[in-house]
Amino acid sequence: MKLLFTKWTTIAKQSIDRAAIVAKFLCLLHVTNTYIFSPTLVYGPSMLPTLNLTGDVVLSEYISHRLGKVVPGDVVLIQSPENPRKMITKRVLAMEGEVVSFLVDPSRSDRSRTVVVPKGHVWIQGDNIYASNDSRNFGPIPYGLIQGKVWCRVWPLDGFGSL
């Protein structure tokens, strides 16, 4: 009887040890995916030709924007100012205090407008100005809506590399 009890105790200890390893791995995966970097599927016409219409998988890192390391030219993930449940991918064109001139409706007229980006905001635009809903439509966005910075494209493989 004692031998059977010892055997079950050993199995229980091994099971707990393995469950602890799995739990630690899942915690590490969660922290990495939430606070360091994660893969993101990006699709749609607004970032053509930089990103594909049918979808690219990019690695987005979540540290730079928290340290204030976002600069004009960076491609960023942003919580949509129009729909908070949606993430959008755009390029930062200007930071606070900078002056931006843009075409109001490039497909219909040459009318332009000039705006100064207010403190704590950034100006974002898609690379495809004809098919992008961006700061030209909803104005400068608060810096706090930036969720991450696109680091590199990982899929499709022929487009692998930094943006």
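Being a predicted model, the structure only gives us computed values, none of them experimental. (Residues numbered from 1 in each chain as written. Predicted model: local features only at pLDDT ≥ 70, side-chain atom pairs only at ≥ 80, totals over all residues. Heavy atoms only, no water.)

**Section: the packing of aromatic side chains**
Next up, step 1: Tallied over the entire structure, the rule returns 1 aromatic pair.
Next up, step 2: Centroid distance F102 to W123: 4.9 Å. Interplanar angle 40°. Geometry classified as tilted. Here the residue F102 occupies a position in strand β5 (residues 99-103), and W123 occupies one in strand β7 (residues 121-125), the gap between them amounting to 21 residues. Of the two residues, F102 and W123, neither departs from the other in class, the shared state being buried. (Phe/Tyr/Trp six-rings, centres within 6.5 Å; stacked < 30°, edge-to-face > 60°. Helix = DSSP H or I, 4+ residues; strand = E, 2+ residues; numbered from the N terminus. Buried < 20%, exposed > 50% of the residue type's maximum accessible area, 1.4 Å probe, protein only.)

**Some points on the environment of Q147**
Next up, step 1: For Q147, the location among the structural elements is in strand β9 (residues 146-155).
Next up, step 2: Q147 sits 16 residues away from L163 along the chain, and the two C-alpha atoms are 17 Å apart.
Next up, step 3: Here Q147 is in contact with Y62, H65, L77, I78, Q79 and M87, once residues within four sequence places are set aside.
Next up, step 4: Within the structure, the side chain of Q147 is placed 3.2 Å from the backbone oxygen of L145, a separation counted as a polar contact. (Contact = heavy atoms within 4.5 Å. Polar contact = N/O pair within 3.5 Å; in protein donor to acceptor, adjacent residues only side chain to side chain.)

**Focus: the nonpolar core**
Next up, step 1: In terms of nonpolar packing, the biggest core is built from 11 residues, these being V70, V76, I78, I88, V92, M95, V122, I124, I141, L145 and I146.
Next up, step 2: Those elements that place two or more of their residues in this core are β3 (75-79), β4 (87-94) and β7.
Next up, step 3: Among residues more than four places away in sequence, those in contact with I78 are K86, M87, I88, K90, I124, I141, L145, I146 and Q147. (Core = buried A, V, L, I, M, F, W, Y, C linked by side-chain atoms within 4.5 Å.)

**A word on the UniProt feature "domain: Peptidase S26" (unreviewed entry) in the protein**
Next up, step 1: Under the present numbering, the feature "domain: Peptidase S26" (unreviewed entry) in UniProt falls on residues 21-102 and 113-155.
Next up, step 2: End C-alpha atoms of residues 21-102 are separated by 54 Å, and the span's content is 20% helix alongside 35% strand.
Next up, step 3: Across residues 113-155, helical content stands at 9% and strand content at 49%; the span's end C-alpha atoms are separated by 37 Å. (UniProt positions renumbered as here; feature names shortened; annotations may be inferred.)

**A short note on the pattern of salt bridges**
Next up, step 1: In this structure the tally under the stated criterion is 4 salt bridges.
Next up, step 2: Measuring nitrogen to oxygen at the nearest pair gives 2.8 Å for the salt bridge that ties R153 to D56. Taken together, the residues span a long stretch of sequence, with R153 in strand β9 and D56 in strand β2 (residues 56-61) at a distance of 97 residues. Grouping residues by exposure puts R153 and D56 together as buried.
Next up, step 3: One salt bridge in this structure joins D74 and K149, with 3.3 Å as the shortest N-O distance. Placement of D74 in the loop between β2 and β3 and of K149 in strand β9 is noted, with a sequence separation of 75 residues between them. In this pair, the class of D74 matches that of K149, namely buried. (Salt bridge = Lys/Arg side-chain N within 4 Å of Asp/Glu carboxyl O.)

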